[in-house]
Amino acid sequence: MLRTFKVEKFHAGIIPESTLFKVLRYLDNENIETPFLLIDSEKVKEKASLIGRYIKNSKVFYAVKANPDIKILKFLNRFKLGFEIASEGELKILLSLGVKPERIISSNPIKSLKFLKMSASYGVNYFSFDSADEVDKLSRYVPGCNVYVRLSVPNEGSEWPLSKKFGVELDEALTLLRYAKEKGINPVGITFHVGSQCTNVYNWNIALDKAKALWDMAEKNGIKLTLLNIGGGYPIRYTKNVVSIETIEKNVNKLIYERFPKGLEIYIEPGRAVIGDAGILVTTVIGKARRANEDWLYIDVGVFNGLMESVGGIKYSYIVESCKHTRYKKRWTIAGPSCDSFDVIDNNVSLPEPNVGDLILILSSGAYTVSYASEFNGFSIPKTILMNL
Ligand SMILES: *Cc1c(COP(=O)(O)O)cnc(C)c1O
C-alpha cells in the first residue's frame, strides 16, 4: 500500500535521510498492525563503531536498559562492545546470548543480593558503589571483585538528570575507596553520570575535574586507581541539533590526557546514543477531538506503552501520514490511548491534520521507550523490528 507522508526539511536534520527512506519503503511493502518500533540496524552499527573512537584506550559498554530487545543485543554482540547491566533479568538475557563475563560490568550503585549472587557465579567482576553497605554486600557475595566509586556531578543541561539518586562527594568517595580496600575488594576507579541526554559539554569538564581531584586524593592515601568510567549521557537529536559525539569525545580525551596519568583505562557506557536515533515508532491515529479550544490527537502509543519519557520532558518529532489536500498545520495536544488523564504526550505540536487511521511516525524513539512500556489498560507494547539485517 503506497502511503503519503508529510516529510519536512527539518526532519532530515533529526534523522538521516537513509534511515527515513528505509522506514518509508518498509511501510510501503509491509502491512503490520501498529504500534511497532522500527530499528535501522545499519545506523546502530554506525553508532557502535563511532562511540569511543575519539577517546584513547577506551572500551564501550552498551547500557542495556536503553533497549534490551534480544534481537538488538544479539546484533550488538557481533561488535566488540561490552554491556552495562543492573539486574538479574539483564544478566540472564546476556547469558542466553553467550556473552562472556569479561564483557559485562554493572554500574548500578545499589544492587540486589539476587543479582550479586548470580554475577558472582557467572564471573562478572566490575561494579560501581557509593555506600558502605554496598561494600559490605560486594565483599560478602563477590569477594575480590573490582569496584569503582560513583561521584556526584552536576546534571544541569541534561534532559533526564540522574544525580540526586546516586553519587557521593569527594571526601565520602575517598572514605569509601579506603573502606573497600579494607574489606578485601579492589578499589580500581571512579565513575560518574553527567545525566542522560546531556547537551551541555561543560558537565563533562566539571565531572573530570572532580574525578581528577579524587584520583589524587586516593593516590595520597595509597590507593592507585587505573580506571575512569565516564558513564553515559551522550545526546541524540529529538527536535533540534545537539552537540556531536565527536565534539564531546575530543574534549573529554583532551582533558583526560592533559590531566590524568598515562595508561589509565577509560570505560564509556552509552545507552540512548547507541539505539535512540536508530528507532522510529510507527503509531496510528485512533481519534481526534476538540476540547476547550484545544485540538486533541489520540494515537495508539502513549505514556504507558512507550512514551514514558515525554513526562520527564523529552519532546519528539513527528511525521504525519496525510492526504495531499492538507497543507496548513494545526496545534495539537497529542495523547495516548489509555483512559488515564496522565496519558498526554505533548501539547502545542504543530502538525498537518491526519485522518483517523493514518500513521504517525515518532522519530528518535529507539531508547527508553519500549523498555519502559507496560500493558496498562490492555494496550499492547510496540514490537521491535530490526530492518536490514
Ligand atoms: C542509564 C545509565 C547509562 C546510560 O545512560 P545514557 O544516558 O542512556 O547514555 C550509563 N550508565 C549508567 C550507570 C546508567 O544508569
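This text goes with the structure placed above it.
Here we summarise the structure given alongside this text. Note that the coordinates shown come from a computational prediction; the quantities given were computed from them, not determined experimentally. (Residues numbered from 1 in each chain as written. Predicted model: local features only at pLDDT ≥ 70, side-chain atom pairs only at ≥ 80, totals over all residues. Heavy atoms only, no water.)

## Section: the pairing of strand E18 (residues 383-387)
For E18, a buried count of four out of five residues is recorded, marking the element as mostly surrounded by other parts of the structure. With five bridges connecting them, strand E1 (residues 36-40) and E18 associate as parallel partners. Its bridge partner being in E18, Asp-40 is matched across the sheet by Met-387. (Buried < 20%, exposed > 50% of the residue type's maximum accessible area, 1.4 Å probe, protein only. Helix = DSSP H or I, 4+ residues; strand = E, 2+ residues; numbered from the N terminus. Pairing = 2+ DSSP bridges.)

## A closer look at the environment of Lys-117
Among the structural elements, Lys-117 can be located in helix H6 (residues 113-122). Lys-117 sits in the partly exposed class, given a relative accessible area of 48%. Separated by 100 residues in the primary sequence, Lys-117 and Glu-17 place their C-alpha atoms 46 Å from one another.

## Some points on the nonpolar core
In this structure, Tyr-62, Phe-192, Leu-228, Ile-230 and Tyr-234 are the most contacted members of the largest nonpolar core, which totals 96 residues. When residues in this core are grouped by element, the largest group, seven residues, is from helix H9 (residues 202-220). Taken together, domain 1 (9-40 + 276-387) and domain 2 (52-269) each give at least three residues to this core, which thus spans both. Each residue touching Phe-192, except ones within four places of it in the same chain, is listed here: Arg-150, Leu-151, Val-153, Trp-204, Ala-207, Leu-208, Ala-211, Leu-228, Asn-229, Ile-230 and Gly-231. The next biggest cluster of nonpolar side chains, apart from the first, holds 17 residues, and it includes Leu-20, Phe-36, Val-282 and Ile-319. (Core = buried A, V, L, I, M, F, W, Y, C linked by side-chain atoms within 4.5 Å. Domains from an automatic or database assignment. Contact = heavy atoms within 4.5 Å.)

## Section: helix H3 (residues 41-50)
Buried within H3 are the following residues: Ser-41, Lys-43, Val-44, Lys-47 and Ala-48. The arc that holds every buried residue of H3, seen down its axis, measures 155°, which confines them to one face. In this fold, the buried residues of H3 make contact with helix H2 (17-29), E1, helix H4 (70-76), helix H10 (245-259), helix H11 (272-275) and E18. With a side-chain oxygen positioned 3.2 Å from the backbone nitrogen of Glu-42, the residue opening H3 is Asp-40. Gly-52, located one to two residues past H3, shows a positive phi value of around 95°. (Arc of directions from axis to C-beta. Polar contact = N/O pair within 3.5 Å; in protein donor to acceptor, adjacent residues only side chain to side chain.)

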